[in-house]
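An overview of the molecular structure
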Amino acid sequence: MHRTRVKICGITSSEGALAAVEAGADAIGLVFAESPRRVDPAWARRIVAEVPPYVSRVGVFVDEAPGVVADAIHSVGLDTVQLHGREAPAECAGYDCRVVKALRVDARFCGADVEPFLGKCDAVLLDTYSSGTAGGTGARFDWALCHEVPDDIPFVLAGGLDPTNVGEAVRIALPYAVDVSSGVERRPGEKDTMKMSAF
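Note that the structure is predicted; figures quoted are calculated from it, not measured.

Notes on the overall build of the chain
On a plain count of helices and strands, the chain comes out with five helices and 10 strands. In terms of overall size, the chain behaves like a compact globule, its C-alpha atoms giving a radius of gyration of 15 Å where 199 residues would be expected to give roughly 16 Å. When its C-alpha atoms are laid out on the principal axes, the chain stretches across 40 × 40 × 35 Å. Taken across its 199 residues, the chain has 50% of its residues classed as buried. Total accessible area on the chain is roughly 9,500 Å²; 51% of this is exposed by carbon and sulfur atoms. For the chain, the separation between the mean place of its 20 positive charges and that of its 28 negative charges on side chains is 4 Å.

Set out below in structure tokens:
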């Protein structure tokens, strides 16, 4: 049985990044879309410079122009991009790094929602559907729906995770990785060291 990887998203400072790594994070997420956790490329570059080797650096984008994403990959030093908007399968291919496509899950979610992305991205991320936002709601969905994901693509579980429920979520959903942001914060954009360690 594999060890479930952990991504701590919405990192906004070098101190937050280093605390996430110290807590055991396999990846940090830098949000380039409109959000209380947004960082610009220059600031993200400073954060990434402090992150040790073997910790993945993930850039989160929402319906961004491919050229802007490509520029950020190279100027910031991203290992992975997470496309969190309405990007079509064809828009997930062609980047010079790994690609994770976020899908918004509601009660109607099924394997057919994932199939168009097979072969177009390296993993999918399942987050809770909300009509008003692309993600980061802090709300959870029915983790049993994760079993709809085809076996031939890794998936990342997100949405409403925190130190009190992540163990149960992993047991039910059996994800490749989990992704947390608001569940380990004091306030939006400010991570809590103790919550990250507990997670």
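Let's pick the thread back up.
Let's talk about the sheet that holds strand β7 (residues 155-157)
Taken together, the eight strands give a closed barrel; going around it, the order is β1-β2-β3-β4-β5-β6-β7-β8, and neighbouring strands pair in parallel fashion. Adjacent strand axes in the sheet meet at a mean angle of 30 degrees, parallel and antiparallel pairs treated alike. Bridging between strand β5 (residues 98-105) and strand β6 (residues 123-128) involves six bridges; their strand directions are parallel. Across the sheet, the residue bridging to Val105 is Thr128, located in β6.

Remarks on the environment of Arg140
Looking at the secondary structure, you find Arg140 in the loop between β6 and β7. Note on Arg140: relative accessible area 44%, which makes it partly exposed. Along the chain, Arg140 and Ala169 lie 29 residues apart, while their C-alpha atoms are 9.8 Å from each other. Sequence-distant contacts of Arg140, defined by excluding residues within four places in its chain, comprise Thr128, Gly159 and Gly160.

What about the pattern of salt bridges?
Evaluation of the coordinates by the stated rule reveals 12 salt bridges. Arg38 is paired through a salt bridge with Glu34; the nearest N and O atoms lie 4.0 Å apart. Overall, the relative accessible area of 75% leaves Glu34 in the exposed class. Note that Asp79 and Arg57 form a salt bridge whose closest N and O atoms lie 3.8 Å from each other. In this pair, Asp79 is assigned in the loop between α3 (66-77) and β4 (80-83) and Arg57 in strand β3 (residues 56-61), connecting sequence segments 22 residues apart. Its relative accessible area of 13% is what places Arg57 among the buried residues.

Structural notes on the packing of aromatic side chains
Working definition: an aromatic ring pair is given by the centre-to-centre distance plus the angle between the planes. For the structure on display, the rule yields one aromatic pair. Summarising the aromatic geometry, the rings of Phe32 and Phe61 are spaced 5.0 Å apart at their centres and angled 5 degrees between planes, so their arrangement reads as stacked. Taken together, the residues span a long stretch of sequence, with Phe32 in the loop between β2 (27-31) and α2 (41-49) and Phe61 in strand β3 at a distance of 29 residues. For Phe61, a relative accessible area of 2% gives the class buried. Directly above the aromatic system of Trp143 lies the positively charged group of Arg140, at a separation of 3.5 Å from the ring centroid.

Observations regarding the pairing of strand β8 (residues 177-180)
Neither face of β8 is left uncovered, since the one carrying Ala177 and Asp179 and the one carrying Val178 and Val180 both have all their residues buried. As defined by bridge partners, β7 adjoins β8 across two bridges and the pair is classed as parallel. Looking at the pairing, Val156 lines up with Ala177 of β8. Crossover β7 to β8 through helix α4 (residues 166-173) is right-handed.

Concerning the side chain of Asp127
Relative to the assigned elements, Asp127 resides in strand β6. Despite its burial, Asp127 remains without a salt bridge, the nearest opposite charge being carried by Arg104 at 7.3 Å.

Examining empty space enclosed by the protein
As enumerated under the stated definition, the model contains one cavity of 30 Å³ or more in all. Here the largest cavity defines a volume of roughly 40 Å³. If you go around the largest cavity, the residues you meet are Glu64, Pro66, Val69, Leu83, Glu87, Glu91 and Tyr95. When its residues are assigned to classes, the lining of the largest cavity shows four nonpolar, no polar and three charged.

Calculation criteria
- Residues numbered from 1 in each chain as written.
- Predicted model: local features only at pLDDT ≥ 70, side-chain atom pairs only at ≥ 80, totals over all residues.
- Heavy atoms only, no water.
- Helix = DSSP H or I, 4+ residues; strand = E, 2+ residues; numbered from the N terminus.
- Rg over C-alpha atoms; globule rule 2.2 N^0.38 Å.
- Buried < 20%, exposed > 50% of the residue type's maximum accessible area, 1.4 Å probe, protein only.
- Areas by Shrake-Rupley, 256 points an atom, 1.4 Å probe, with all protein chains shown as cover.
- Lys, Arg positive; Asp, Glu negative; His and termini not counted.
- Charge placed at Lys NZ, Arg CZ, Asp CG, Glu CD.
- Pairing = 2+ DSSP bridges.
- Axes fitted to C-alpha atoms, helices over the stretch in contact; angles between N-to-C directions.
- Contact = heavy atoms within 4.5 Å.
- Salt bridge = Lys/Arg side-chain N within 4 Å of Asp/Glu carboxyl O.
- Phe/Tyr/Trp six-rings, centres within 6.5 Å; stacked < 30°, edge-to-face > 60°.
- Lys NZ or Arg CZ within 6 Å of the ring centre and 35° of its normal.
- Right-handed = clockwise from strand over helix to strand, strands pointing away.
- 1 Å grid on protein atoms, 1.4 Å probe; cavity = no way out; pocket = protein on both sides within 12 Å on 5 of 7 lines; lining within 4 Å.
- Points joined across faces, edges and corners; volume = space filled by probe spheres on them.
- Nonpolar A, V, L, I, M, F, W, Y, C, P; charged D, E, K, R; others polar.

These figures capture arrangement, not role.
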